[in-house]
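Residue-level structure breakdown
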Amino acid sequence: MEILSWLAEQKIQEAMRNGEFQGLPGHGKPLVLEDLSGVPEELRISYKIMKNAGLLPEEVTLRAECVTLEELLVTCQNSGNAVTSEGKALETKLSLKKLRLQELLRQRGCESNAAFIQYSDKIRERVTGEDN
């Protein structure tokens, strides 16, 4: 394996001498490292692959939609329109999303998985902007 490391280092040094790394996007700026500390170690690779592909697990999407609906309901209540048909429609939609999420978690056996519970708490904090 050492020969591969040495060969890779030689190629990198040659590219640097030829100026091939000049003018690349982000040149001279610090790297933005992604914090995956909230994702259990056994899920990190699959999470990273799905994220890079632009896919999110259905439960993440459902949780984000629930947060959005909850915020809309609070806005309706603060404006005094909670009793309107719009407020009732939002409540119904939120209930359906929560039921779908609970069923999805039950089917996947995630509701009692300690790693998933910790992961979902971190997702909830990130989506809602809360720091518990």
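Residues numbered from 1 in each chain as written. Predicted model: local features only at pLDDT ≥ 70, side-chain atom pairs only at ≥ 80, totals over all residues. Heavy atoms only, no water.

All right, on to the overall build of the chain then. Assigned secondary structure in the chain consists of five helices and zero strands. Reading the chain from its N terminus to its C terminus gives the helix and strand order α-α-α-α-α. For 132 residues, the compact-globule formula gives about 14 Å, and the C-alpha radius of gyration of the chain, at 23 Å, lies well above that figure. With the C-alpha coordinates aligned to their principal axes, the bounding extent of the chain is approximately 70 × 35 × 25 Å. Taken across its 132 residues, the chain has 20% of its residues classed as buried. In the chain, 56% of the contacts between residues at least 6 apart in sequence involve partners at least 24 apart. Entry remark: accessible area of the chain is about 10200 Å², with carbon and sulfur atoms responsible for 56%. (Helix = DSSP H or I, 4+ residues; strand = E, 2+ residues; numbered from the N terminus. Rg over C-alpha atoms; globule rule 2.2 N^0.38 Å. Buried < 20%, exposed > 50% of the residue type's maximum accessible area, 1.4 Å probe, protein only. Contact = heavy atoms within 4.5 Å. Areas by Shrake-Rupley, 256 points an atom, 1.4 Å probe, with all protein chains shown as cover.)

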